[in-house]
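What follows is each chain in one-letter form.
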Amino acid sequence: MPPRRPPPLPRALFEADGPLGPGSAPLHPDPDTVHPPFVIDAHWFPRQAQYTPLPAVRGQHDGDRVEVRGVVQVQMDATRPSFIDNADQIMTISTYPTIINSTFPHPPSIASEANGAIDILLPFPKPLTEAEWDLVDEAVNALDESWARRPDEAAAAPKQGKGRKIVISGLLPPPFSRPSATLPQSDEFNLHLARLSQLSLHGNVYLKALPPSVVPGHAGQSNWWEHTAEFEGVVRMYVAHAIETFGTHRLLFGAAPAVPHAVTAPQRVPIKNEAWYQLLRKVLADLGLGRDDVADILGANAIGVYSLAR
């Protein structure tokens, strides 16, 4: 019996005005034209009263500036008050994060909520090991179990648009260890892909996209991260997987590294503040995201996560 073939497709499908005709597939927009209507910096360590990392960022046309509409102040010292001069009337909130590492593996408490969100900082100087990933999972599970023991508040949270949100800094991207040519074959990169996919199954976990660090002596001796195209390529590899697993609705932009420089003295942060914003915006657009998705990551998502309001 001769092999069966599918029926031929109608020729009209491929004619000039047909749905599969030449030019019928939409093209991705030029990355230089994809800009958000506003920006929320979801990760700022206040050291002075005036917010300066992103006073304004460049828009599509020369001279255009995108409004920085809100700032999330990451307070490492819970005894210090909020520290920002809000003369510009931007939306602000302070969050008091928990640092998770091998020497302080205690899970965060739901008492540290900031408008329904709990921040976790990962100060690991190298890509996470299996044991360190286990610490992250344990922290997330402990928070979920704590919320489960408060059924009244958990039931009210969805109605208020609050609660049950866990925001993790230090995973997107993790510290850089290799250039793009050798990264896909490395054990640490494949471990990151597998464990991040597993973490994404917790629908209440969000990631902050923050400037990555490079550890001297661990990321190679060629200083490949000093080459913009190579650095951008590695960022793209991590961001693409995060979008695939978490979606664009669970990613937030921040202009500062995951932890302050005092905590990460041996590391280097090649790019941050507005330069990081511009690079991340370009990577998102290069990946084919439209204006709405880019706007969500660079601004709108943080409003929902932290219930920001003027």
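All of these numbers come straight from a predicted model, not from anything done at the bench.

1. Some details on the overall build of the protein chain
A count of helices and strands for the protein chain gives 6 helices and 9 strands. For the protein chain, the residues scored as buried account for 50% of the 310 residues in total. Of the contacts formed within the protein chain by residues at least 6 apart in sequence, a portion of 73% connects residues at least 24 apart. For the protein chain, the accessible surface area stands at approximately 15,300 Å², while carbon and sulfur atoms represent 53% of it.

2. Let's talk about the confidence of the model for the protein chain
In regions of low pLDDT, the predicted coordinates are not meant to be interpreted in detail. With 73% of its residues at a pLDDT of 70 or more, the protein chain has an overall mean of 81. Looking over the protein chain, one finds the lowest element-wise mean pLDDT in helix α2 (residues 151-160), namely 49, and the highest in strand β9 (residues 251-253), namely 98. A low-confidence stretch, residues 154-162 stays under pLDDT 50, and its non-local contacts, those more than four residues away or across chains, total 9 contacts.

3. Details of the side chain of Lys165
Summarising the element assignment, Lys165 is placed in strand β7 (residues 165-172). Residue Lys165 is classed as buried on the basis of its relative accessible area, which comes to 10%. Each residue touching Lys165, except ones within four places of it in the same chain, is listed here: Gly116, Ala117, Ile118, Trp147, Asn204, Tyr206, Gly304 and Val305.

4. Topic: the packing of aromatic side chains
Going through the model one piece at a time under the given rule, you end up with 6 aromatic pairs. Consider the rings of Phe176 and Tyr238, whose centres lie 5.9 Å apart with planes at 15 degrees: the pair is stacked. Placement of Phe176 in the loop between β7 and α3 (187-199) and of Tyr238 in helix α4 (residues 228-246) is noted, with a sequence separation of 62 residues between them. No difference in accessibility class separates Phe176 from Tyr238, as the two residues are buried. Members of the aromatic cluster, joined through ring pairs, are Phe176, Phe189, Trp224, Trp225, Phe231 and Tyr238.

5. Observations regarding the nonpolar core
Counting residues in each nonpolar core, the largest one holds 58 residues, and the members touching the most others are Leu122, Ile168, Leu171, Leu199, Phe253 and Leu284. In terms of residue count, the dominant contributor to this core is α4 (8 residues).

6. Remarks on the pairing of strand β1 (residues 38-44)
Most of β1 is tucked away: 7 of the 7 residues are buried. With 5 bridges connecting them, β1 and strand β3 (residues 65-74) associate as parallel partners. Bridge pairing links Val39 to Val68 in β3.

7. Side note on the sheet that holds β9
Strands in a sheet are paired, the pairing made by backbone hydrogen bonds, and the direction either parallel or antiparallel. Read across the sheet, 5 strands follow the order β5-β6-β7-β8-β9 without closing on themselves; strand pairing throughout is parallel. Two strands lie at the open edges of the sheet, namely β5 (98-99) and β9, each paired on one side alone. Sitting on the sheet, α3 is in contact with β7 and β8 (205-209), with an inclination near 170 degrees to β7. Sheet strands touched by helix α6 (residues 291-306): β6 (117-121), β7, β8 and β9. Its angle to β9, the strand with the most contacts, is close to 110 degrees.

8. Here we look at the environment of Ala258
Mapped onto the elements, Ala258 comes out in the loop between β9 and α5 (273-286). With 184 residues separating them in the primary sequence, Ala258 and Val74 have C-alpha atoms 9.8 Å apart. Those residues in contact with Ala258, other than ones at most four positions away along the chain, are His43, Phe45, Leu121, Leu122, Ser169, Gly170 and Leu210.

9. Focus: α4
Between the first and last C-alpha of α4 there are 26 Å, a value that for 19 residues agrees with the 27 Å anticipated at 1.5 Å per step. For α4, every residue scored as buried is listed here: Phe231, Glu232, Gly233, Val234, Val235, Tyr238, Val239, His241, Ala242, Ile243, Thr245 and Phe246. On its buried face, α4 sits against β7, α3, β8, β9 and α5. Positive backbone phi, approximately 80 degrees, marks Gly247, located one or two places after α4.

Rules and cut-offs
Along each chain, residue indices are assigned from 1 in the same order as the chain's sequence is written. Given that the model is predicted, a residue must reach a pLDDT of at least 70 before its local features are reported, and side-chain atom pairs must reach 80 or more before they are shown or counted; all residues, however, enter totals for whole chains, interfaces and linings. Hydrogens are left out, water is left out, and the side-chain values use all remaining heavy atoms of the structure. Helix and strand labels come from DSSP, where a helix needs a run of H or I of at least four residues and a strand needs a run of E of at least two; each type is numbered from the N terminus. Under the scheme applied here, a residue whose accessible area is under 20% of the maximum for its type counts as buried, over 50% as exposed, and between as partly exposed, the area being computed with a 1.4 Å probe on protein chains only. Note on contacts: a residue pair qualifies if any of its non-hydrogen atoms lie within 4.5 Å across the two residues. Residue exposure ignores everything except the shown protein chains as possible cover, and the areas themselves are Shrake-Rupley values with a 1.4 Å probe. Scored from 0 to 100, pLDDT reflects the predictor's confidence in each residue. In this scheme Phe, Tyr and Trp rings, the latter by its six-membered ring, pair at centre separations within 6.5 Å, and the angle between planes marks the pair as stacked below 30 degrees, edge-to-face above 60, and tilted otherwise. To qualify as a nonpolar core, a set must consist of buried Ala, Val, Leu, Ile, Met, Phe, Trp, Tyr and Cys residues joined through side-chain atoms within 4.5 Å. For two strands to pair, DSSP has to find at least two bridges joining them. An axis is simply a line fitted to the C-alpha atoms; with a helix, the fit covers only the stretch in contact. Between two such axes, the angle follows the N-to-C directions and lies from 0 to 180 degrees. Helix span is expected to be 1.5 Å times the residue number reduced by one.

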